[in-house]
Amino acid sequence: MDILSMFNQLKQSDVLEQLSKQNNADKKDVSQVVEMGIPALLQAMQNNAKSDDGAKALAKALDDHQEDDVDDLLGFLQKSDKNEGAKILEHVFGSKTSTVEKKISSSTGVQAPAVDNILAQLAPMVLGVLGKEKKQQNVDANGLTSMLPMLTSLLNKSSSKDLTKIASSLLD
């Protein structure tokens, strides 16, 4: 599975239903959180990978998650560890974690704790998918600086919204 397939499945399937039930939120609202959250994660990872240390840390995290079974998104969600997801969010967003969550909450109408839970479920999934892509494309830490913008661009082309602009505004 690639990032675009994951993104599209998350917005259209029983996976969205599962996320909605787990977070006591409307499917349409959860879809908006997904549509804002995944590009924000990718944008933040891209920003982090601009430094050598950030790129190395991200490469290690992707290596750690490259064998995650993300081909079955529903099964992955059912087994997801929100504590691990919260740690990933702190590494990816750093001090901006609560700001990103509040901005998504404000834009979608989904309560901030539910946004936090949804992002914590998505973060390990995103690392798993990116880890597989990194492995398949044989990308090293330096290669992440070109891989991540390419993936963000693919997501942007698949949506009627300017996801890159939205993600950037969340991280400001």
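The structure we're discussing is the one just above.
Residues numbered from 1 in each chain as written. Predicted model: local features only at pLDDT ≥ 70, side-chain atom pairs only at ≥ 80, totals over all residues. Heavy atoms only, no water.

Another point: the overall build of the protein. Counting its secondary structure elements, the protein contains 10 helices and zero strands. Reading the protein from its N terminus to its C terminus gives the helix and strand order α-α-α-α-α-α-α-α-α-α. Relative to the 2.2 N^0.38 estimate, which gives 16 Å for 172 residues, the radius of gyration of the protein is 14 Å and therefore close to what a compact globule would have. Projected onto the principal axes, the alpha-carbon positions of the protein cover approximately 40 × 35 × 30 Å. The buried share among the 172 residues of the protein stands at 51%. Of the accessible surface of the protein, which amounts to about 8100 Å², a share of 45% is contributed by carbon and sulfur atoms. Separation of charge centres in the protein, based on 19 positive and 24 negative side chains, amounts to 4 Å. (Helix = DSSP H or I, 4+ residues; strand = E, 2+ residues; numbered from the N terminus. Rg over C-alpha atoms; globule rule 2.2 N^0.38 Å. Buried < 20%, exposed > 50% of the residue type's maximum accessible area, 1.4 Å probe, protein only. Areas by Shrake-Rupley, 256 points an atom, 1.4 Å probe, with all protein chains shown as cover. Lys, Arg positive; Asp, Glu negative; His and termini not counted. Charge placed at Lys NZ, Arg CZ, Asp CG, Glu CD.)

Considering soluble globular proteins, one finds that nonpolar side chains tend to be buried as a cluster. Core analysis: the biggest nonpolar cluster contains 52 residues, and Met6, Leu10, Ile38, Val126, Leu130 and Leu144 have the highest contact counts within it. In terms of residue count, the dominant contributor to this core is helix α8 (residues 112-136) (12 residues). Beyond its immediate chain neighbours, meaning those up to four positions away, isoleucine 38 contacts Met6, Phe7, Leu10, Leu122, Val126 and Leu155. (Core = buried A, V, L, I, M, F, W, Y, C linked by side-chain atoms within 4.5 Å. Contact = heavy atoms within 4.5 Å.)

If you add up the space inside the largest pocket, you get close to 250 Å³. Looking at the lining of the largest pocket, the elements with two or more residues in it are α3 (27-48), α4 (52-65) and α6 (82-93). Here the lining of the largest pocket is composed, by residue class, of seven nonpolar, four polar and two charged. (1 Å grid on protein atoms, 1.4 Å probe; cavity = no way out; pocket = protein on both sides within 12 Å on 5 of 7 lines; lining within 4 Å. Points joined across faces, edges and corners; volume = space filled by probe spheres on them. Nonpolar A, V, L, I, M, F, W, Y, C, P; charged D, E, K, R; others polar.)

Here we take up the pattern of salt bridges. Tallying each qualifying case throughout the model produces four salt bridges. The closest approach of N and O atoms between glutamate 67 and lysine 135, which form a salt bridge, is 2.6 Å. Placement of glutamate 67 in the loop between α4 and α5 (73-79) and of lysine 135 in helix α8 is noted, with a sequence separation of 68 residues between them. For lysine 135, a relative accessible area of 47% gives the class partly exposed. (Salt bridge = Lys/Arg side-chain N within 4 Å of Asp/Glu carboxyl O.)

Moving on: the environment of valine 115. Mapped onto the elements, valine 115 comes out in helix α8. Along the chain, valine 115 and glutamate 133 lie 18 residues apart, while their C-alpha atoms are 26 Å from each other.

Positive phi is not limited to glycine here, since asparagine 24 has a value of about 50°. As for its placement among the helices and strands, asparagine 24 is situated in the loop between α2 (14-22) and α3. One non-glycine residue, asparagine 138, lies in the positive phi region at around 50°. Look at asparagine 138 and you get exposed, because its relative accessible area is 71%.

Along the chain, the position of aspartate 14 falls in helix α2. Taking the C-alpha atoms as reference points, aspartate 14 and serine 106, separated by 92 residues in sequence, lie 25 Å from one another.

Worth remembering: the numbers are spatial, not functional.
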